[in-house]
Amino acid sequence: MTVDDENEGGAPEPPAYPTPHHEVDHTAEPSDDPLAIRLEQLILGADRRYTPFQAARTAGVSMELASRFWRAMGFADIGQAKALTEADVLALRRLAGLVEAGLLSEPMAVQVARSTGQTTARLAEWQIDSFLEGLTEPPEPGMTRTEVTYPLVELLLPELEEFLIYVWRRQLAAATGRVLVQAADDEEMVDRRLAVGFADLVGFTRLTRRLEEEELGELVEAFETTCADLVAAHGGRLIKTLGDEVLYAADDAGTAAEIALRLIETLGHDETMPALRVGIAFGTVTTRMGDVFGTTVNLASRLTSIAPKDAVLVDGALAEELSRTGEAPVSETQAAEEAAQAEKEGRQAATYRFALQPMWQRPVRGLGVVEPWLLTRRPT
């Protein structure tokens, strides 16, 4: 999209919302390739009708605000090319309407545009790079991939659109339930107590030098898929993946601990995977645009970096929380004493899911001295 304005006579005026050249490619132009145009019309369901200025004016939105929305959604500047559709106009009207109605502030509307754009951009890239690429192999000799793409997109588009809406509504319902129902007060809706875990592949940098690109891609995909499945299955939330590392969160310490040990156990049985290490911290976390921030997150990351191979380190707050909820003994000595007393009284001794072993205190950059605890699964 563009920030170049134009007056009623059509002469361009200086940019209303300049952006540094390193952020936006000001030479970007929409493709004139006939197949690309046909695919664009199929996907968007409309023809190119407007320049960015015309679209903003038709939507009743200032060019400055339109540019902020478009850039937030991740679209490049296109000068004054006639490349926009009725859908672009409608999207501008909707966002501006939410602001005018007082339902969203202008900065919040820009955040909505940015978070939606970033999430869907990654999804679209994945679908094109992996999904469509695998399905558009020419079925007959002499056919090209491009000849297969159009009818395939035509068939898949409505189904993928409906599925996307379904998953989004499901995720929205789950997130609303977590935040509104579990939050004790309004402050907890923004700053909440969560368990945050990092899982990191050991020696990944060396692997990148040894493996072929395709092999490395398959390893990363298998790692991310396994982590995503285990995190979801056991009640956590995958926050993001970083190639050789995943970040997840859970509402309670026990869930985060179970996920960590499951990751170690599952990936440890996969001979194609490097060793794994996990760090978990428990405390107040700031959530923003689906991500998590704060000292708790930083501590979890530091614990991961010092964790032994195929092991889980947790901070004192998570260890204390596991003890408070009865999922781990305060100490092994106490557990042994409790078991002996229970046997003496002829009753069943308390059972624990996890065991905690205090490690040496050590300074952690930016966080002072911490006492990590080694988390293991308690024998049954």
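### Focus on the overall build of the protein chain
The helix and strand inventory of the protein chain stands at 12 helices and 12 strands. Roughly 22,200 Å² of accessible area belongs to the protein chain as shown, and the carbon and sulfur atoms make up 53% of that amount.

### Points about the pairing of strand S12 (residues 373-377)
By the bridge criterion, three bridges tie strand S8 (residues 311-314) to S12 in an arrangement that is antiparallel. In the strand pairing of S12, valine 312 is matched with leucine 375. With five bridges connecting them, strand S9 (residues 354-358) and S12 associate as antiparallel partners. Across the sheet, the residue bridging to proline 358 is tryptophan 373, located in S12.

### Thoughts on the pattern of salt bridges
Tallied over the full model, the rule gives 12 salt bridges. Of the charged contacts, one joins arginine 377 and glutamate 265 as a salt bridge, the two residues approaching to 2.8 Å between their closest N and O atoms. Note that arginine 377 is positioned in strand S12 and glutamate 265 in helix H9 (residues 253-268), a separation of 112 residues in sequence. For arginine 377, a relative accessible area of 32% translates into the label partly exposed. Using a relative accessible area of 32% as the deciding quantity, one classes glutamate 265 as partly exposed. We note a salt bridge from arginine 353 to glutamate 327, for which the minimum N-O separation is 2.5 Å. With arginine 353 in the loop between helix H12 (332-345) and S9 and glutamate 327 in the loop between helix H11 (316-324) and H12, this residue pair connects regions lying 26 residues apart in the sequence. Arginine 353 sits in the partly exposed class, given a relative accessible area of 36%.

### What about the packing of helix H8 (residues 213-233) against H9?
With their axes 10 Å apart at the nearest point, H8 and H9 run at an angle of 140 degrees to one another. Taken as axis vectors, H8 and H9 run oblique relative to one another. The interaxial crossing formed by H8 with H9 has right-handed handedness. Contacts between H8 and H9 involve Phe223, Thr226, Cys227, Leu230 and Val231 on the former and, on the latter, Ile259, Arg262, Leu263, Thr266 and Leu267. Partitioned by chemical class, the residues of the contact of H8 with H9 number seven nonpolar, two polar and one charged.

### Some words on the side chain of threonine 304
Relative to the helices and strands, threonine 304 is located in helix H10 (residues 295-306). Residue contacts for threonine 304: discarding those within four places in its chain leaves Phe198, Asp200, Arg277, Val278 and Gly279.

### Quick word on the packing of helix H2 (residues 52-59) against helix H3 (residues 63-72)
Think of two packed helices as two axes; the pair is described by the angle between the axes and how far apart they sit. Relative orientation of the contacting elements H2 and H3 amounts to 110 degrees, with a least axis distance of 9 Å. Taken as axis vectors, H2 and H3 run roughly perpendicular relative to one another. As H2 packs across H3, the resulting crossing turns out to be right-handed. Only Met63, Ala66 and Trp70 of H3 make contact with H2, whose side of the interface consists of Pro52, Phe53, Ala55 and Ala56.

### Concerning a positive patch on the surface
There is a patch of like positive charges on the surface, built from Arg206, Arg209, Arg210 and Lys309. Mapping arginine 209 onto the fold places it in helix H7 (residues 204-210). According to the relative accessible area criterion, arginine 209 is exposed, its value standing at 64%.

Thresholds applied
Residues numbered from 1 in each chain as written. Predicted model: local features only at pLDDT ≥ 70, side-chain atom pairs only at ≥ 80, totals over all residues. Heavy atoms only, no water. Helix = DSSP H or I, 4+ residues; strand = E, 2+ residues; numbered from the N terminus. Areas by Shrake-Rupley, 256 points an atom, 1.4 Å probe, with all protein chains shown as cover. Pairing = 2+ DSSP bridges. Salt bridge = Lys/Arg side-chain N within 4 Å of Asp/Glu carboxyl O. Buried < 20%, exposed > 50% of the residue type's maximum accessible area, 1.4 Å probe, protein only. Axes fitted to C-alpha atoms, helices over the stretch in contact; angles between N-to-C directions. Parallel < 35°, antiparallel > 145°, perpendicular 65-115°, else oblique. Left-handed = near helix turned anticlockwise from the far one by under 90°. Contact = heavy atoms within 4.5 Å. Nonpolar A, V, L, I, M, F, W, Y, C, P; charged D, E, K, R; others polar. Patch = residues over 30% accessible without salt bridge, like charges linked within 9 Å, V, L, I, M, F, W, Y side chains within 5 Å. Lys, Arg positive; Asp, Glu negative; His and termini not counted. Charge placed at Lys NZ, Arg CZ, Asp CG, Glu CD.

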